[in-house]
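The primary structure of each chain is shown beneath.
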Amino acid sequence: MQHASLTSHIHIHPKNKDKNQKQKQKANHMSSMSLWKRISSHADCEQRMAAYYNKKGLYDLRLCLAPWIEDRIMSEQITPNSTDQLEQVARRFNEDLQQKLLSTRASDQALKYRLVELCALIQRTPALELYTHLRSGLQKELQLATEKSVAVAAAGQSMPQNHYNMNNPVGMNGSYMDTGDMFGVPVPGTSPVNVGMSTNVMHNAPGNATPALMGMVPAKVELYDVHHRIVQGFNDFSACSEQLQALKRSFTYIYNANNAPDAEAVYKRLIEEKANVVLRLRRSYLYYEGLHDMVLMELKNWRRQQALAGNGAQFSENMLDDIQRCFEMLETFVTHLLAAVLEALNLQIMKDDSDLTGLREQIQISQKNLVCSAFIVDKQPPQVMKTNTRFAASVRWLLGSQLGIHINAPTVECIIMSELQSQRFVSRGTHADVTTGSLAGQSSGEIQNCSSTMEYQQSNQVFSASFRNMQLKKIKRAEKKGTESVMDEKFALLFYATATVNNYQIRVWTLSLPVVVIVHGNQEPQSWATITWDNAFADIVRDPFVVTDRVTWCQLSVALNTKFGSCTQRALTAENLEFLYEKLQRDSSIAGERNEYISWNQFCKEPLPERTFTFWEWFFAIMKLTKDHLLSMWKAGRITGFINKVKAQDDLMRATTGIGTFLLRFSDSELGGVTIAYVNESGLVTMLSPWTARDFQILNLADRIRDLEMLRCLHPTDVNVQPLDRDLAFGDFYTQRPEPTPRGDGYVPSTIRVQVRTSGDTCSISGTPHHPMQSPPQDSMSMGNYSPRSGIMVDNVPSVATTFYNMDDSDSDDSIVARALESYVNSTTPDDPVVAQISDIVKYNGYDNGQTATWTTPNRQNYSVPSNFNQMVPY
């Protein structure tokens, strides 16, 4: 029996019969262990590293995700002294780490709570601090592992070999890469290494050769372990195969011998040997089943990562090649196992071979399940699908040329199914009824160009079918219940095919990720809410397409951060996420209660307080605005964004840069709006009415900021960043305005500029000379938002002709001042801090009986308070 088809997939060391064979086998076993396993095998090393990780509370994290952390950090190549690159890598690592924790299945409730606690810890810890601490920890572990290995070598034992390394193969001479090379940064006692050479440089000189890698560098530690176990199981089965061949020779001898004197003894021995062979075959099958479950779990994890990628998470499609490798090795394993059982059945030593017959049936079912489970959607269709719009998808069979199916390649068909149809279909649990006739009545719509023939690519051994020009023409919807809408309804594409394997037909099918079908663009935001929630919080194994309606804030914050970061290319800060949490919690956060759970209704169904839109509609509109019009400025960190009015005012009032300091924040009151808050000439904060995408289609944000001369210094978006001069902050984003040139047709060229009215009584315009002028009508201002000078200018506050701040000592007529104050009070909310301050003056300065009180503003100007103010403002 030939085994080359399996062993050719992975390098196996040849057997060595010298006296050091056992030592080398032990060393090779150590080489397949993760770094942390080798550290934990030495109590002193484990104690030292536990103390190190506990400084940041990361010891449990190191234990929980040991292989993943090693795989991820060791595969990162960072240029020495490149702070920006390190910060980017740290942010990506932080996001992926949270996703990994959330996708980890907890075996008990205590572990589940601990995973949630770890997520919260990661969110509280700055990304760079977390990453550098773990990275330094791995360097320390490598040094400890090296010291232990050197001690082993000094004792006369052989050095472990890195016999399988997907990224950095060990050289022909068995040399090793230095630990500093692997990380791309220097370690103590070494010189900096050029990152471009870090994966190729080998050190052969004595004293430099270290066994630091020892099986740790492969990019897919878990899959490598599966590869290794499959080979080990197949080698064990090979011994059983040899025993079967010996049994076959003995059986042939007895069958052909006539009146052999030892026939009875040989016959008894054959019965015992066959029983042993059957036992070993069953053990091999049980071992195969365990391997099959492991590979299926890896494939399910890949599908889970594919769903998270729908929300913008990083996703490595190359991992599918390694999973295909496992499928091909398992297929070889089960094919040889089935052949051995059939061969054993041909040895009719006893009439009753029920054990072997049952084993044959089990193996045949397992082989069929393996073939069927290898049929997947590798390129998902768009999850928000608009009718009469072209889209693409592709399916892949992860067995390549193993079964010879590519010789007579099958045609793959596609239909669309509702959620209920998908549930019924999956509940059958069989592929036997998948025929064109049986599926004809189960489609929920009409798809054009819905068939494609599979093709085999010899260069990369990919066997797939591509659908490049599909189009959904019609859709059949189910009856809605309660408040359900068409944007809540999930569908899926079903891909199916029939192929011939070993002279019998096999039918396979697979479902896509859920899709929401829309007919108009205004249905898109709520549709993405449905898809985002499903992608983020669906279990790996579920009935289509059941998902929880309540998640922790830790889980949701990761999903929101991933979605926004992938769309705008800059992640949210801890302060941004805290602001979003407060917005979601609404009344409970005001009352001081912190509820860790967020419901589906809070997320996208219930309107925000005093608003006509939901949290998701507000968040999605901001995300779209940022992507379409503010992307470069958001990426450069020029937009604070997620900050409420009170905190924006407080930050600006505390700013040391004073008058003209400004920041940009997303509007709370208008969907997809951004507003400017700035310190005006009176030392108070003014907020302009929001601008939306419609405004930016006329003039972009940077040019609007350039036109407003009262904006002088950008307030930093981070405490570690210094304030920036306006033109320095936004100069790169200004558009060049052409010089006006005379026209030959007699028309005078014009330009569009932003103007904001800033003086209530003189109606002077920002950016123009300050001189008396008549008040123009409000609709005569060019793209301006009327903004009277006040302590806080809320969005869309009615204008007043004269405000309290414009009064000076010459205003002796209390009735005029009273009317001005009355107008101001009527244009603000009761909790306006300016009104509160004036009320305090009236109350505490003995202001009564027409006595005049004064109030000193931040710029040291004194203003009078009218005697009848106490009749207007209750206190």
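One can find the structure itself at the top, above this paragraph.
Keep in mind it's a predicted model, so treat the numbers as computed, not measured.

Caption draft 1: Structural context of the nonpolar core. Membership of the largest hydrophobic core comes to 77 residues, with the highest contact counts inside it found for Leu281, Phe327, Trp397 and Phe495. Residue contributions to this core peak at 15 residues, all from helix α13 (residues 319–345). Setting aside its immediate chain neighbours within four residues, Phe327 contacts Val295, Leu296, Leu299, Leu370, Ser373, Ala374, Leu398 and Leu399. Counting 64 residues, the second largest nonpolar core, distinct from the first, contains Cys604, Phe615, Leu630 and Ile639.

Caption draft 2: View of the pattern of salt bridges. Summed over the entire model, instances satisfying the criterion amount to 18 salt bridges. Between Asp534 and Arg542 there is a salt bridge, with the nearest N and O atoms lying 2.8 Å from each other. Exposure remark for Asp534: the relative accessible area of 2% places this residue in the buried category. With a shortest N-O distance of 3.2 Å, Arg726 and Asp727 are connected by a salt bridge. The exposure class assigned to Arg726 is buried, which follows from its relative accessible area of 11%. Under the relative-accessibility criterion, Asp727 is labelled partly exposed at 38%. Among the charged side chains, a network of salt bridges with common partners joins Arg62, Glu70 and Glu141.

Caption draft 3: A look at the sheet that holds strand β14 (residues 661–666). A sheet is described by the order of its strands in space; here 5 strands give the open sequence β16-β15-β14-β17-β18, paired in mixed fashion. Pairing within the sheet leaves two strands with one partner each, and these edge strands are β16 (685–687) and β18 (724–725). Note: strand β15 (residues 674–679) against β16, 3 bridges, orientation antiparallel. Residue pairing for β16: Tyr678 is matched across the bridge by Thr686.

Caption draft 4: Looking closely at helix α24 (residues 645–654). If you check which residues of α24 are buried, you get Ala648, Gln649, Asp651 and Leu652. Down the axis, α24 shows its buried residues gathered within 165° of arc, on one side only. Structural note: α24 exposes Val646 and Arg654 on the side pointing more than 90 degrees away from its buried face. Here α24 starts with a cap whose side-chain oxygen sits 3.3 Å from the backbone nitrogen of Val646, and that cap is Asn644.

Caption draft 5: Examining the side chain of Asn535 more closely. Relative to the elements of secondary structure, Asn535 occurs in helix α17 (residues 524–537). Only 2.9 Å separates the side chain of Asn535 from the side chain of Gln383, close enough to count as a polar contact. Those residues in contact with Asn535, other than ones at most four positions away along the chain, are Arg304, Ala307, Leu308, Gly310, Asn311 and Gln383.

Caption draft 6: Molecular detail of the pairing of strand β5 (residues 445–448). Taking every second residue as pointing to the same face, the buried face of β5 carries Gly445 and Ile447, while none of Glu446 and Gln448 on the other face is buried. Sheet topology places β5 next to strand β8 (residues 462–475); 4 bridges connect them, and they run antiparallel. In the sheet register, Gln448 faces β8, and the bridge partner there is Gln471.

Caption draft 7: View of helix α18 (residues 553–568). The end-to-end C-alpha separation of α18 is 22 Å, in line with the 22 Å expected for 16 residues at 1.5 Å each. Taking burial as the measure, the 16 residues of α18 include 14 buried ones, the bulk of the element.

Caption draft 8: Broad picture of the packing of aromatic side chains. Counted by the stated rule, this structure contains 35 aromatic pairs. Positioned above the aromatic ring of Tyr734, the side-chain terminus of Arg706 is 4.8 Å from the ring centre.

Caption draft 9: Region of the structure containing unusual backbone geometry. A cis geometry characterises the amide bond from Pro544 onward to Phe545, with omega recorded as -15°. Here Phe545 lies in the loop between α17 and β12 (550–552). With a phi angle near 60°, Asn388 is a residue other than glycine that sits in the positive phi range. Mapped onto the elements of the fold, Asn388 is located in the loop between β2 (384–386) and β3 (390–397). Its relative accessible area of 44% is what places Asn388 among the partly exposed residues. The phi angle at Glu610 is positive, at roughly 60°, despite the residue not being glycine.

Caption draft 10: Fine view of the side chain of Lys563. By the secondary structure assignment, Lys563 is in helix α18. One buried charged side chain, Lys563, makes no salt bridge at all; its nearest oppositely charged neighbour is Glu524, positioned 8.5 Å away. Once residues lying within four places of it in the same chain are set aside, the contact partners of Lys563 are Gly310, Asn311, Trp528, Thr532 and Met623.

Rules of the game
- Residue indices follow the written sequence of each chain, beginning from 1 at its first position.
- This being a predicted model, a pLDDT of at least 70 is required before a residue's local features are given, and a value of 80 or more before pairs of side-chain atoms are given or counted; all residues contribute to the totals for chains, interfaces and linings.
- Based on all heavy atoms of the structure, the side-chain values leave hydrogens and waters out of the count.
- Nonpolar cores were defined as sets of buried Ala, Val, Leu, Ile, Met, Phe, Trp, Tyr and Cys residues, with membership established by side-chain atoms within 4.5 Å.
- Think of it in three bands: residues with accessible area under 20% of the maximum for their type are buried, residues over 50% are exposed, and the middle band is partly exposed, with areas taken using a 1.4 Å probe on protein chains only.
- Every helix listed is a DSSP run of H or I at least four residues long, and every strand listed is a run of E at least two residues long, numbered separately from the N terminus.
- Residues count as neighbours in contact if any of their non-hydrogen atoms are within 4.5 Å of one another.
- Only one rule defines a salt bridge in this text: a Lys or Arg side-chain nitrogen within 4 Å of an Asp or Glu carboxyl oxygen.
- A pair of strands is labelled paired if DSSP reports no fewer than 2 bridges between them.
- In this description, the arc belongs to the directions extending from the helix axis to the C-beta atoms.
- What qualifies as a polar contact is a pair of N or O atoms within 3.5 Å, subject to a donor-acceptor requirement within protein and to the restriction that residues adjacent in sequence count only when both atoms come from side chains.
- A helix is expected to span 1.5 Å for every residue after the first.
- Between rings of Phe, Tyr and Trp, where Trp is taken as its six-membered ring, a pair exists when centres lie within 6.5 Å; planes separated by under 30 degrees are stacked, by over 60 edge-to-face, and by other angles tilted.
- Remark: a charge is flagged as sitting over a ring if the NZ atom of Lys or the CZ atom of Arg is within 6 Å of the ring centre and within 35 degrees of the ring normal.
- By the counting rule applied here, Lys and Arg register as positive and Asp and Glu as negative, while His and the ends of each chain are not counted.

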